[in-house]
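Residues per chain are reported as follows:
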Amino acid sequence: DTAVSQTPKYLVTQMGNDKSIKCEQNLGHDTMYWYKQDSKKFLKIMFSYNNKELIINETVPNRFSPKSPDKAHLNLHINSLELGDSAVYFCASSPGQGREQYFGPGTRLTVT
Amino acid sequence: GESVGLHLPTLSVQEGDNSIINCAYSNSASDYFIWYKQESGKGPQFIIDIRSNMDKRQGQRVTVLLNKTVKHLSLQIAATQPGDSAVYFCAECSNTDKLIFGTGTRLQVFP
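What counts and how
- Residues numbered from 1 in each chain as written.
- Chains lettered and ligands numbered in written order.
- Predicted model: local features only at pLDDT ≥ 70, side-chain atom pairs only at ≥ 80, totals over all residues.
- Heavy atoms only, no water.
- Pairing = 2+ DSSP bridges.
- Helix = DSSP H or I, 4+ residues; strand = E, 2+ residues; numbered from the N terminus.
- Axes fitted to C-alpha atoms, helices over the stretch in contact; angles between N-to-C directions.
- Buried < 20%, exposed > 50% of the residue type's maximum accessible area, 1.4 Å probe, protein only.
- Phe/Tyr/Trp six-rings, centres within 6.5 Å; stacked < 30°, edge-to-face > 60°.
- Lys NZ or Arg CZ within 6 Å of the ring centre and 35° of its normal.

Q: What am I meant to see in the sheet that holds strand β3 (residues 19-25) of chain A here?
A: The pairing of strands in a sheet happens through backbone hydrogen bonds and is either parallel or antiparallel. Residue and element names in this part refer to chain A. On the basis of which strands lie adjacent, the open sheet formed by 4 strands has the order β1-β3-β8-β7 and antiparallel pairing. Every other strand in the sheet has two partners, leaving β1 (4-7) and β7 (64-70) as the edge strands with one partner each. Averaged over neighbouring strand pairs, the angle between their axes works out to 20 degrees when direction is ignored. Inspection of the sheet shows β7 paired to strand β8 (residues 73-78) by 5 bridges, in the antiparallel sense. By the bridge assignment for β8, Asp 70 is matched with His 73.

Q: What's the story with the pairing of strand β2 (residues 10-13) of chain A in this structure? I'm lost.
A: Successive residues of a regular strand alternate their side chains across the two faces of the sheet. Residue and element names in this part refer to chain A. Going residue by residue along β2, you find Leu 11 and Thr 13 tucked away on one face and Tyr 10 and Val 12 left uncovered on the opposite face. Pairing between β2 and strand β11 (residues 107-111): 4 bridges, direction parallel. Paired with Thr 13 across the strands is Val 111, a residue of β11.

Q: Would you mind going over the packing of aromatic side chains with me for this structure?
A: Taken as a whole and judged by the stated rule, the model has 12 aromatic pairs over all chains. On the numbers, 5.6 Å between centres and 85 degrees between planes, the contact of A:Tyr35 with B:Phe101 is edge-to-face. Of this pair, A:Tyr35 sits in strand β4 (residues 31-37) while B:Phe101 sits in strand β10 (residues 99-101), on two different chains. Judged by relative accessible area, which is 0%, A:Tyr35 ranks as buried. What links up through ring pairs into an aromatic cluster is the set A:Tyr33, A:Tyr35, A:Phe90, A:Tyr102, A:Phe103, B:Tyr36, B:Phe46, B:Phe89 and B:Phe101. Lying over the aromatic face of A:Tyr10, A:Lys9 brings its terminal NZ or CZ to 5.8 Å of the ring centre.

Any link to function would need more than the numbers given here.
Below is the structure:
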């Protein structure tokens, strides 16, 4: 009965690799997001999708590419991983713009 | 640029006391505000929200106060419990639907 789920919870990989993080929500929400939380706990939005359409794209490197196969899923693919990509990545969903957002448990990415 | 900040990075309170966590925001166009609680190893958890047409909203043991004149937001937790120990974030939202998070305040509850 998990509302927003992410896989994997932990991801350890080497520089230069390509990896994906998956997110699914069973709340029936139209809008989904990806956030990055750095080592100082600062949370910053990366992307948002509304009904599979990209709405927000912050100044994120092109190596990050979100993919929304349907409105219940928003995956994050990262190419050519760098040390600075190490962080916790959170997926979130919302019933609509200007509404509360519900977060997944996070994926801790460590790039070595 | 837009920013949301907190006055106290760490707040220590005794169990049973009331806690007040403060937040300053800079975008006067923000019309929606949310408080989140994040426990160690977990995602942010929605606590309470408030829109700019209100100055106070109460939930279970929590109250959010909004002062638009000085762009200040606070979260009050009544009878603080050990389970309230976490990092608390305020977030503001304007018509862009982008949540701007503050830097977070760590609440430590001592028995």
